[in-house]
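Listed here are the chains, written in short residue letters.
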Amino acid sequence: MCQAPLKEPTGMDLVYGPEEIARAVSRIGARIDTDFAGLVSQRDRLLVLGVLNGAFVFMADLIRSITLPLEVDFIRVSSYEDRTDSSQEVVLLKAPERPVEGRHVLVVEDIADCGLTLRWLLGYLASKAPASIRTAVLVDKRERRESPLSLDYTGFVSGGGFLVGYGLDYARNYRGLAGIYSLHF
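Residues numbered from 1 in each chain as written. Predicted model: local features only at pLDDT ≥ 70, side-chain atom pairs only at ≥ 80, totals over all residues. Heavy atoms only, no water.

Engineer: Mind showing me how you'd approach the environment of Trp-120 here?
Structural biologist: Along the chain, Trp-120 falls in helix 3 (residues 116–126). For Trp-120, a relative accessible area of 30% gives the class partly exposed. Distance in space between the C-alpha atoms of Trp-120 and Val-77 is 9.3 Å, their sequence separation being 43 residues. With sequence-adjacent residues up to four places away left out, Trp-120 is seen in contact with Val-77, Val-90 and Leu-92. (Helix = DSSP H or I, 4+ residues; strand = E, 2+ residues; numbered from the N terminus. Buried < 20%, exposed > 50% of the residue type's maximum accessible area, 1.4 Å probe, protein only. Contact = heavy atoms within 4.5 Å.)

Structure representation (structure tokens):
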């Protein structure tokens, strides 16, 4: 089961700086342009679906690095329900407003941790009959993965720690940091 720390942080170390993040986002955007070229058009735009709340910072930068026609929408799910440990049950809090059926969908997530939420989300979207589903995840935190999860575009593979900043939070704090930091407890 995924668990967040229960203690107050005592400090933090920079893991990925703003310039490093910008390069990763640009690299992902270029790969998406290449992979979706010919699949999307002005009429049939790529549907970029951000997972709230954490992905909004990454998604804002990512859509500016993609040159293809796209639409933006959001989805919100929770497996924590205001707790620090996962309930192992995912709850849909906000469904996409744009139709998914027949669309090329890019799911944008801040972090792939234990994978429960993202696996559930991909299954949910697959049931809506999209033309394709791909994932763009800023941080792949594989050491906590509970079962295999295939990610299409990844910015960083984390070596561990509890990460905050650039949209990632701890107890609803630290999202606005320009870099990504590991908290000390």
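Structure shown, so let's carry the discussion forward.
Engineer: Could you clarify how one ought to interpret helix 3 in this entry?
Structural biologist: Residues lying three or four places apart along an α-helix face the same way, a consequence of the helix completing one turn every 3.6 residues. What helix 3 keeps buried is the set Leu-116, Thr-117, Leu-118, Leu-121, Leu-122, Tyr-124 and Leu-125. Elements that come into contact with the buried residues of helix 3 comprise strand 2 (46–52), strand 3 (70–78), strand 4 (91–94), strand 5 (104–112) and strand 6 (132–140).

Engineer: How should I be thinking about the pattern of salt bridges in this particular structure?
Structural biologist: Opposite charge on two side chains makes pairing possible when the charged atoms of those side chains draw close. Considering all chains together, one arrives at ten salt bridges under this definition. Residues Arg-64 and Asp-61 are paired through a salt bridge, measuring 2.4 Å at the closest nitrogen-oxygen approach. Residue Arg-64 and its partner Asp-61 are both found in helix 2 (residues 56–65); the two are separated by three residues, about one turn of the helix. The residue Lys-94 makes a salt bridge to Glu-97 at a minimum N-O spacing of 3.5 Å. For Lys-94, a relative accessible area of 24% corresponds to the partly exposed category. Taken together, the shared-partner salt bridges connect Glu-71, Arg-98 and Arg-103 into one network. (Salt bridge = Lys/Arg side-chain N within 4 Å of Asp/Glu carboxyl O.)

Engineer: When you look at the side chain of Arg-103 in this model, what are you seeing that I'm missing?
Structural biologist: Mapping Arg-103 onto the fold places it in the loop between strand 4 and strand 5. For Arg-103, a relative accessible area of 9% gives the class buried. Setting aside its immediate chain neighbours within four residues, Arg-103 contacts Asp-44, Arg-45, Leu-46, Leu-47, Glu-71, Pro-130, Ala-131 and Ser-132.

Engineer: I tried to follow the sheet that holds strand 1 (residues 11–16) on my own but got confused; where do I start?
Structural biologist: Backbone-to-backbone hydrogen bonds pair the strands of a sheet. The strands run either parallel or antiparallel. Strand order in the open sheet formed by three strands is 1-9-8, and the pairing between neighbours is antiparallel. Two strands bound the open sheet, and with one partner strand each, they are strand 1 and strand 8 (162–164). With strand direction ignored, the average angle separating the axes of adjacent strands in the sheet is 40°. Alignment of strand 8 against strand 9 (residues 180–184), held across three bridges, turns out to be antiparallel. What sits directly across from Val-164, in strand 9, is Tyr-181. (Pairing = 2+ DSSP bridges. Axes fitted to C-alpha atoms, helices over the stretch in contact; angles between N-to-C directions.)

Engineer: How should I be thinking about the side chain of Asp-33 in this particular structure?
Structural biologist: Mapped onto the secondary structure, Asp-33 falls in helix 1 (residues 18–36). With no salt bridge to any partner, buried Asp-33 finds its closest opposite charge in Arg-134, at an N-O distance of 11 Å. Not counting residues within four places of it along the chain, the set of residues in contact with Asp-33 comprises Ser-65, Ile-66, Thr-67 and Leu-68. (Lys, Arg positive; Asp, Glu negative; His and termini not counted.)

Engineer: Could you clarify how one ought to interpret unusual backbone geometry in this entry?
Structural biologist: In terms of backbone geometry, most residues other than glycine have negative phi values and most peptide bonds are trans. Of the consecutive residues Leu-52 and Asn-53, the connecting peptide bond is found in the cis state with omega at 5°. For Asn-53, the location among the structural elements is in the loop between strand 2 and helix 2. Phi is positive for Tyr-166, which is not a glycine, with a value near 50°. Mapped onto the secondary structure, Tyr-166 falls in the loop between strand 8 and strand 9.

None of this, on its own, says anything about what the molecule does.
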